[in-house]
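Observations on the model geometry
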Amino acid sequence: MNAAKILDWKNIVWLSLVSYALYAMLWLVIDDETWYDSGPHFVVEMTVDFCMCVLFVGFSLLYSRTILRILPMHDRPYVRLLLMVCILFLLNNAMAYAMTVLCDTIWGDGSDELFRLQGIYTYGMIATFVSCIYSNAFYLETYMRTEDEKRRLEIALLKEQEVALQSQLDALKSQIDTHFMFNNFSILAELIEEDRVLAGKFLANLSKVYRYIIQNMKRHKVPVGEEIAFLDAYLYLIEMRYGKTVVVHIENDVRIADGCMPPACLQLLVENAIKHNRHSAEQPLHIDIRREGDYISVCNPLAPLFSAAEPSTGIGQKNIAERYALLSDRQMLVSFTSRTYAVKLPILEN
């Protein structure tokens, strides 16, 4: 808060006028006969009254500015304002006492005649009252304006973060589309050479699966049940391509799980397991998908290819980890031994 704006000459002038008007009304109520005694000192006394108001108001605003700069901020600003009022009251009383002693020292008993319409303490109390109201109003207005600006900046930041999050998720989902289509078109190319009838069936089912992917890529999260339904459709393509050399078992606890997850995650993990492990009719690749607490685990035995035609880039698994990081503070877990490899995906809230 810019407390320096409190001590402005315009503020001193108009607050002094207000203080003088209050002072005059106070004495009019207390001793109205004095105002009708327009003796030779009346103008001088009025001038002295106003000068004293200016003096006390000026010092009160100076005190207020200093107090607002020194006092620490609180979660409740009213505590700070109450402390300011108490300190200002004590300082103005101390100033009034000092001026009383000074006047008695300079004028002696003559000070009573000079200040017969007013007491110095009256100036101090009125100045305290007026300056407190102004300083408190100034502080509260500035405080509310600062809070409004803070909220505005927070909202703007949240919107920027939301836009950035949307862009990152869109980029990651686009990566999934490319990854999925590249691998399945590779399979389709092999099938065309081996069995064109089977390739036609594969292409028909691939179009259905890809249509499902496009529809669900518009969402950041999908229900676990929908993800399993998509995985079942994808496994049909796998069975057409590999026959019984790949066996995927999905526990019933997974099918009835309540919650959400990023779309196509399970499909990516199954695809990676098939791509990077050996499988044959004699030694089929068994992939187990089961529920483990608040996670869905995809586990397969480690059977690395003897000569990998394509080295692993880790795109699929990295993609899943990044999407979870953007959507939740819960992380994907990876564990492996010399015989098995498992990836656990957190089940997110709906």
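Treat the numbers as computed from the prediction; the structure is a model and nothing was measured.

1. Here we look at the pattern of salt bridges
- Scanning the model with the defined rule gives seven salt bridges in all.
- One salt bridge connects arginine 255 with aspartate 232, and the closest N-O pair in it is separated by 2.9 Å. Of this pair, arginine 255 sits in helix H9 (residues 252-255) while aspartate 232 is found in helix H8 (residues 224-242), placing the two residues 23 residues apart along the sequence.
- With a closest N to O distance of 3.5 Å, lysine 244 and glutamate 239 form a salt bridge.
- On the basis of relative accessible area, lysine 244 is assigned to the exposed category, the value being 64%.

2. Quick word on the pairing of strand E6 (residues 333-336)
- Here E6 pairs with strand E7 (residues 340-346) via four bridges, running antiparallel. Bridge pairing in E7 links leucine 333 to lysine 344.

3. Overview of the sheet that holds strand E5 (residues 295-301)
- Spatial ordering of the open sheet is given by E2-E4-E5-E7-E6, a layout of five strands whose pairing is mixed. The outermost strands of the open sheet, each flanked by one partner alone, are strand E2 (246-250) and E6. Here the average twist between neighbouring strands, direction ignored, is 15°.
- Pairing of E2 with strand E4 (residues 285-292), which is carried by five bridges, proceeds in the parallel orientation. When the sheet's bridge partners are listed, valine 247 is paired in E4 with histidine 286.
- Contacting E2, E4, E5 and E7, helix H10 (residues 265-276) runs over the sheet at an angle of about 150° to E4.

4. Regarding the packing of aromatic side chains
- Within this structure, the stated rule accounts for one aromatic pair.
- Judged by centre distance (6.0 Å) and plane angle (20°), the ring pair of phenylalanine 336 and tyrosine 341 falls under stacked.
- The exposure class assigned to phenylalanine 336 is exposed, which follows from its relative accessible area of 57%.

5. Notes on the environment of lysine 221
- In this structure, lysine 221 sits in the loop between helix H7 (196-216) and strand E1 (222-223).
- Classification of lysine 221 as partly exposed rests on a relative accessible area of 30%.
- In the structure, lysine 221 is positioned 39 residues away from cysteine 260 in sequence and 5.9 Å away in space, judged by C-alpha atoms.
- Of the polar contacts made by the side chain of lysine 221, one reaches the backbone oxygen of glutamate 349; its length is 3.1 Å.

About the thresholds
- Residues numbered from 1 in each chain as written.
- Predicted model: local features only at pLDDT ≥ 70, side-chain atom pairs only at ≥ 80, totals over all residues.
- Heavy atoms only, no water.
- Salt bridge = Lys/Arg side-chain N within 4 Å of Asp/Glu carboxyl O.
- Helix = DSSP H or I, 4+ residues; strand = E, 2+ residues; numbered from the N terminus.
- Buried < 20%, exposed > 50% of the residue type's maximum accessible area, 1.4 Å probe, protein only.
- Pairing = 2+ DSSP bridges.
- Axes fitted to C-alpha atoms, helices over the stretch in contact; angles between N-to-C directions.
- Contact = heavy atoms within 4.5 Å.
- Phe/Tyr/Trp six-rings, centres within 6.5 Å; stacked < 30°, edge-to-face > 60°.
- Polar contact = N/O pair within 3.5 Å; in protein donor to acceptor, adjacent residues only side chain to side chain.

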